[in-house]
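Each chain is listed here by its residues.
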Amino acid sequence: SYERLVERMRFAAAVDLLRGDQLRLIDIAYELGYTDPANFTRAFRRWAGMPPSEYRRLCEMGTIAMPVVS
């Protein structure tokens, strides 16, 4: 469905943006079209099984591989 496609694209973009440390999480949420950063955090937790801050931390440590967006 269209909604699922949008979610996959948002997840892929979120992963790319989280791998860098240039943007704050609130800025990433707005960049992806969320008006409330809490909604982005909930969506990311649903997609990845962890909050975006944890994902970023694991990326910085090198302990997480790039997920396959299905």
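Turning next to the overall build of the protein. The number of helices and strands found in the protein is four helices and zero strands. Each helix and strand of the protein, ordered N terminal to C terminal, gives the series α-α-α-α. Computed over C-alpha atoms, the radius of gyration of the protein comes to 11 Å, within 12% of the 11 Å expected from 2.2 N^0.38 for 70 residues, which places it in the range of a compact globule. If you line up the protein on its principal axes, its C-alpha atoms span 35 × 25 × 15 Å. Residue burial in the protein is summarised as follows: out of 70 residues, 29% are buried. The long-range share in the protein, meaning contacts at least 24 apart out of those at least 6 apart in sequence, stands at 52%. Total accessible area on the protein is roughly 4,600 Å²; 53% of this is exposed by carbon and sulfur atoms.

A word on the nonpolar core. Counting 16 residues, the largest nonpolar core has L32, Y34, F40, F44, W47 and Y55 as its most contacted members. Among the secondary structure elements, those contributing two or more residues to this core are α1 (2–19), α2 (25–31), α3 (37–48) and α4 (52–61). With residues up to four places along the chain from it excluded, the contact list for F44 reads F11, A14, V15, L18, G49, M50, P51, P52 and Y55.

Taken as a whole, this structure holds six aromatic pairs when the rule is applied. Here the aromatic rings of F44 and W47 are separated by 6.4 Å at their centres, their planes lie at 70°, and the arrangement is edge-to-face. Within this pair, F44 and its partner W47 are both found in helix α3, separated by three residues, close to a single helical turn. Overall, F44 belongs to the buried group, its relative accessible area being 0%. Their ring planes at 65° and their centres at 5.5 Å tell us that F44 and Y55 sit as a pair that is edge-to-face. Note that F44 is positioned in helix α3 and Y55 in helix α4, a separation of eleven residues in sequence.

Our next topic: the packing of α1 against α4. Viewed as axis vectors pointing N to C, α1 and α4 meet at an angle of 55°, and their least axial separation amounts to 9 Å. Looking at the two axes, α1 sits oblique to α4. In this structure, α1 meets α4 at a crossing whose hand is right-handed. Residues V15, L17, L18 and R19 of α1 form the contact with α4, whose participating residues are P52, Y55, R56 and C59. Residue classes in the contact of α1 with α4 are distributed as six nonpolar, no polar and two charged.

Analysis parameters
- Residues numbered from 1 in each chain as written.
- Predicted model: local features only at pLDDT ≥ 70, side-chain atom pairs only at ≥ 80, totals over all residues.
- Heavy atoms only, no water.
- Helix = DSSP H or I, 4+ residues; strand = E, 2+ residues; numbered from the N terminus.
- Rg over C-alpha atoms; globule rule 2.2 N^0.38 Å.
- Buried < 20%, exposed > 50% of the residue type's maximum accessible area, 1.4 Å probe, protein only.
- Contact = heavy atoms within 4.5 Å.
- Areas by Shrake-Rupley, 256 points an atom, 1.4 Å probe, with all protein chains shown as cover.
- Core = buried A, V, L, I, M, F, W, Y, C linked by side-chain atoms within 4.5 Å.
- Phe/Tyr/Trp six-rings, centres within 6.5 Å; stacked < 30°, edge-to-face > 60°.
- Axes fitted to C-alpha atoms, helices over the stretch in contact; angles between N-to-C directions.
- Parallel < 35°, antiparallel > 145°, perpendicular 65-115°, else oblique.
- Left-handed = near helix turned anticlockwise from the far one by under 90°.
- Nonpolar A, V, L, I, M, F, W, Y, C, P; charged D, E, K, R; others polar.

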